[in-house]
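# Close look at the chain arrangement
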Amino acid sequence: MNKLVFAGFARLKKDLAFWVCFWGMAALGVYLPVAQYFDSLRYNTVFAPDDLVFNYTPFICIAAAVFISLYLGIDYSDGTIRNKMMVGRTRNEIYMSNWVVCVIGTLLLCLAFAVPATVISLFLLGAAKAPAMAFLTTALLSILVAVAVTSIYVLVSMLCPNKAVASTICLIIPMVLFVAATVINGALMEPPTNEGMVTFTENGMEIADDSVPNPAYLTGIKRAVYEFLNDFLPVNQAIQCAGMGITNPLRFALCDLGISLASIFAGLGLFARKDLK
Amino acid sequence: MGNILRAWARSICRDWLFWAETAFAAWGGGFMVLNGVEACREKNAAFPWDSGAFNCLMIASIVLPVFCSITLGREYGCGGMRNKTAVGHGRGRVYFSALLVSFMAALWFAGVYLLCYLGLFLALAPEAEMSREPGYLLALAVCSLIVLLALAAFFTALAMLIQSQAWGVTIGLAAGFLFVIAGWFVSLLLHTPEFLPLYASGTDNLSLPTGEMTINPACPQGAYRSALEFFYNYTLGGMVFQCSSLDAGKPWLIILNAGVTGALATLAGVRGFYRKDLR
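Treat the numbers as computed from the prediction; the structure is a model and nothing was measured.

About the cut-offs
- Residues numbered from 1 in each chain as written.
- Chains lettered and ligands numbered in written order.
- Predicted model: local features only at pLDDT ≥ 70, side-chain atom pairs only at ≥ 80, totals over all residues.
- Heavy atoms only, no water.
- Helix = DSSP H or I, 4+ residues; strand = E, 2+ residues; numbered from the N terminus.
- Buried < 20%, exposed > 50% of the residue type's maximum accessible area, 1.4 Å probe, protein only.
- Contact = heavy atoms within 4.5 Å.
- Areas by Shrake-Rupley, 256 points an atom, 1.4 Å probe, with all protein chains shown as cover.
- Lys, Arg positive; Asp, Glu negative; His and termini not counted.
- Charge placed at Lys NZ, Arg CZ, Asp CG, Glu CD.
- Phe/Tyr/Trp six-rings, centres within 6.5 Å; stacked < 30°, edge-to-face > 60°.
- pLDDT = per-residue confidence, 0-100.
- Salt bridge = Lys/Arg side-chain N within 4 Å of Asp/Glu carboxyl O.
- Patch = residues over 30% accessible without salt bridge, like charges linked within 9 Å, V, L, I, M, F, W, Y side chains within 5 Å.
- Axes fitted to C-alpha atoms, helices over the stretch in contact; angles between N-to-C directions.
- Parallel < 35°, antiparallel > 145°, perpendicular 65-115°, else oblique.
- Left-handed = near helix turned anticlockwise from the far one by under 90°.
- Nonpolar A, V, L, I, M, F, W, Y, C, P; charged D, E, K, R; others polar.
- 1 Å grid on protein atoms, 1.4 Å probe; cavity = no way out; pocket = protein on both sides within 12 Å on 5 of 7 lines; lining within 4 Å.
- Points joined across faces, edges and corners; volume = space filled by probe spheres on them.
- Disulfide = S-S within 2.5 Å.

Here we come to the overall build of chain B. Across its full length, chain B holds eleven helices and two strands. Counting from the amino terminus, helix and strand elements in chain B follow one another as α-α-α-α-α-α-α-α-β-β-α-α-α. Taken along the three principal axes of its C-alpha coordinates, chain B extends 85 × 45 × 35 Å. Counting every position in chain B, which comprises 279 residues, the buried fraction comes to 46%. If you take every contact in chain B between residues at least 6 apart in sequence, the share linking residues at least 24 apart comes to 78%. Surface exposure of chain B reaches about 13700 Å², of which carbon and sulfur atoms provide 67%. Across chain B, the mean location of the 17 positive side-chain charges is 24 Å away from that of the 15 negative side-chain charges.

Let's shift gears to the overall build of chain A. Scanning chain A from N- to C-terminus turns up ten helices and four strands. What you see in chain A, going N to C, is helices and strands ordered as α-α-α-α-α-α-α-β-β-β-β-α-α-α. Referenced to the eigenvectors of the C-alpha coordinate spread, the extents of chain A come out at roughly 90 × 45 × 35 Å. Sorting the 277 residues of chain A into buried and exposed places 47% on the buried side. Contacts in chain A between residues at least 24 apart in sequence constitute 78% of all its contacts with a sequence separation of at least 6. As displayed, chain A offers around 13700 Å² of accessible surface, 70% of which is attributable to carbon and sulfur atoms.

In this section: the packing of aromatic side chains. On inspection of all chains with the given rule, the structure shows 30 aromatic pairs over all chains. Pairing Phe228 of chain A with Phe232 of chain A gives two aromatic rings, centres 5.5 Å apart and planes at 15°, and the pair type is stacked. Of this pair, Phe228 of chain A and Phe232 of chain A both sit in helix α8 (residues 220-232), four residues apart, which is roughly one turn of that helix. Here the aromatic rings of Phe18 of chain B and Trp19 of chain B are separated by 5.1 Å at their centres, their planes lie at 75°, and the arrangement is edge-to-face. Given a relative accessible area of 40%, Trp19 of chain B falls into the partly exposed group. An aromatic cluster is defined as three or more aromatic residues linked by ring pairs; in this entry it consists of Phe18, Trp19, Phe22, Trp23, Phe67 and Tyr71 of chain A.

This part covers the confidence of the model for chain B. Scored by pLDDT, chain B comes out at a mean of 84, with 93% of its residues at no less than 70. Across the whole predicted complex the pTM is 0.85, and at the interface the ipTM reaches 0.79.

Time to look at the pattern of salt bridges. All names here are of chain A. Following the criterion strictly, the structure yields six salt bridges over all chains and no others. The partner of Arg11 in a salt bridge is Asp75, with the nearest N and O atoms 3.4 Å apart. You can see Arg11 sitting in helix α1 (residues 2-13) and its partner Asp75 sitting in helix α3 (residues 56-77), a full 64 residues away along the chain. On the accessibility criterion, Arg11 (25% relative accessible area) is partly exposed. Here Asp75 and Lys84 are joined by a salt bridge, their closest N and O atoms 3.3 Å apart. Of the two residues examined, Asp75 and Lys84, each falls in the buried class. Through salt bridges with shared partners, a single network forms among Arg11, Asp75 and Lys84.

Residue and element names in this part refer to chain B. A cluster of nonpolar side chains, contributed by Met1, Phe96, Leu100, Met104, Leu107 and Leu145, occupies part of the molecular surface with about 500 Å² of accessible area. In terms of residue count, helix α6 (residues 91-124) provides more of the nonpolar patch than any other element does, four residues in total. Within the fold, Met104 resides in helix α6.

Okay, the environment of Pro251 of chain B next. All names here are of chain B. On the secondary structure map, Pro251 appears in helix α11 (residues 251-275). Distance from Pro251 to Ala139, taken between C-alpha atoms, is 6.4 Å for residues 112 residues apart in sequence. Setting aside chain neighbours within four positions, we find Pro251 in contact with Tyr136, Ala139 and Cys143.

Residue and element names in this part refer to chain A. The interhelical angle for the contact between helix α2 (residues 16-43) and α3, taken along N-to-C directions, is 165°, at an axis separation of 9 Å. As the angle between them shows, α2 and α3 are arranged roughly antiparallel. In the packing of α2 onto α3, the handedness of the crossing is right-handed. Between α2 and α3, the contacting residues are Ala17, Phe18, Cys21, Met25, Leu28 and Leu32 on the first element and Tyr56, Phe59, Ile60, Ala63, Val66, Phe67 and Leu70 on the second. Taken together, the residues of the contact of α2 with α3 sort by class into 13 nonpolar, no polar and no charged.

Residue and element names in this part refer to chain A. Applying the stated criterion to the full structure yields two cavities of 30 Å³ or more. Approximately 40 Å³ is the volume attributed to the largest cavity. Considering the residues around the largest cavity, the lining is formed by Cys61, Val149, Ile152, Tyr153, Ile173, Pro174, Leu177, Pro234 and Val235. When residues of the lining of the largest cavity are traced back to their parent elements, those giving at least two are α6 (132-159), α7 (163-188) and α9 (234-242). The residue inventory of the lining of the largest cavity, partitioned by class, reads nine nonpolar, no polar and no charged.

Applying the stated criterion across every chain yields a total of zero disulfides over all chains. With no disulfide of its own, Cys102 of chain A has Cys170 of chain A as its nearest cysteine by sulfur position, at a separation of 9.9 Å. Note on Cys143 of chain B: no disulfide assigned, nearest cysteine sulfur contributed by Cys243 of chain B at a separation of 4.9 Å. The exposure class assigned to Cys143 of chain B is buried, which follows from its relative accessible area of 0%.

Moving on, we get to the side chain of Arg223 of chain A. Residue and element names in this part refer to chain A. Positionally, Arg223 belongs in helix α8. A relative accessible area of 16% places Arg223 in the buried class. The residues touching Arg223, leaving out its near neighbours within four places in the chain, are Leu188, Tyr217 and Leu218.

Shown next as structure tokens:
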């Protein structure tokens, strides 16, 4: 399998999709801290690098979809998967070597954002405010998110021989998850009560009535389900990492490990049965 | 060209992806109604039936690039493009037949969306009213038609010039999502209030309005605002969002700009296609 992995890296070095995503992430890593700096001057507020360093996590869900579907699709279209089997490689070796290369590629895309974002934001916005342990925890969990989404995209790309259809599915997945994340976050952020009405009297005094319960506030099982989904769905996890606001790190990590392992085992099982025409 | 169009119609009707996209457009219509009715019921407000009717443009922005790149792009992979020119069809005829097919597909997806949207609306909230004048809605309908044509022209140009289906669908989908997201973001910025009420701290940690107003620093001004307005009025993303959110201040401007955009995209596509090596 080592030779397959090294061959994968050799191809990765020359892969157009990887380098387009790499420089795109690097450009974002430069743009976002600079934009944040100008916002801090305009609004006279203080932003910390904590708000920026892990912003790559939502973007990596899209960049990885583009890179992995195009990178792995070439294996099918050029017939190299069949060639690898003809020289004696097992299907499990082929799948896992592709998974390893894609994970490393995705982590390189994360670094392409994180390194310039960290350097520029430390220079422009000053020192970080969050404790080192929080940084380390968020970094580890964001890596797990990247591995989880990579596992999903590798599963789709290895089972779909049509490169275009694989690209479509891989791009639709994060978009659907983004919509779900918006709905879930919006529902969870509803306050339990609405502020009472503020009225003016003849004397100019303001009288605030008592707060009323918010009908949109989730309670009970529905809230528990939404909170679980917030820790389970990769894009929701990515948004938590970006804001360094992870509420339940242990559940977060277990969900990511579960997604990764389930995708890998499902992929290995289905790929073993696939007809490689 | 009639033969080419008939051949297209036969192949599209047998394409599972076309029917999957149709199902997605139908789901979009149903989702908009259910989401809107549910949200308004929670807030005890009425949901006007025209508020989501033109969201068919957003659905088209997502579905059309997939249709154009995969269905039209399939002609490159199976050699159909070369065969058509070999039997005597000119490149212009091949291109315009693809453009017509894309436009008809865009109308189909928008129509399916509207059918599901209005059908479900009539079932769930038959007493709903319009939020805008009928004349304005008619003008928006014409705008939407021209914007659909511009979208079809843009994505057809991409599909006919990018030989790789995978790259075509990736670039097309990225462009489609960018139109929608950029249009939403620019609309958000342009609708930021220019002034904000000043608050003073009162008793019990309650901030009370003083009655005075202050300039909102988040409201774009000057050259930045002009650039945002240019984007909102002259790019496909802005036009799609203006029609979808019933925010078109000047429908005639949208019709003009969409027409020009479609014409430019078609011109660029035809010129590029004439020079392309059809291997």
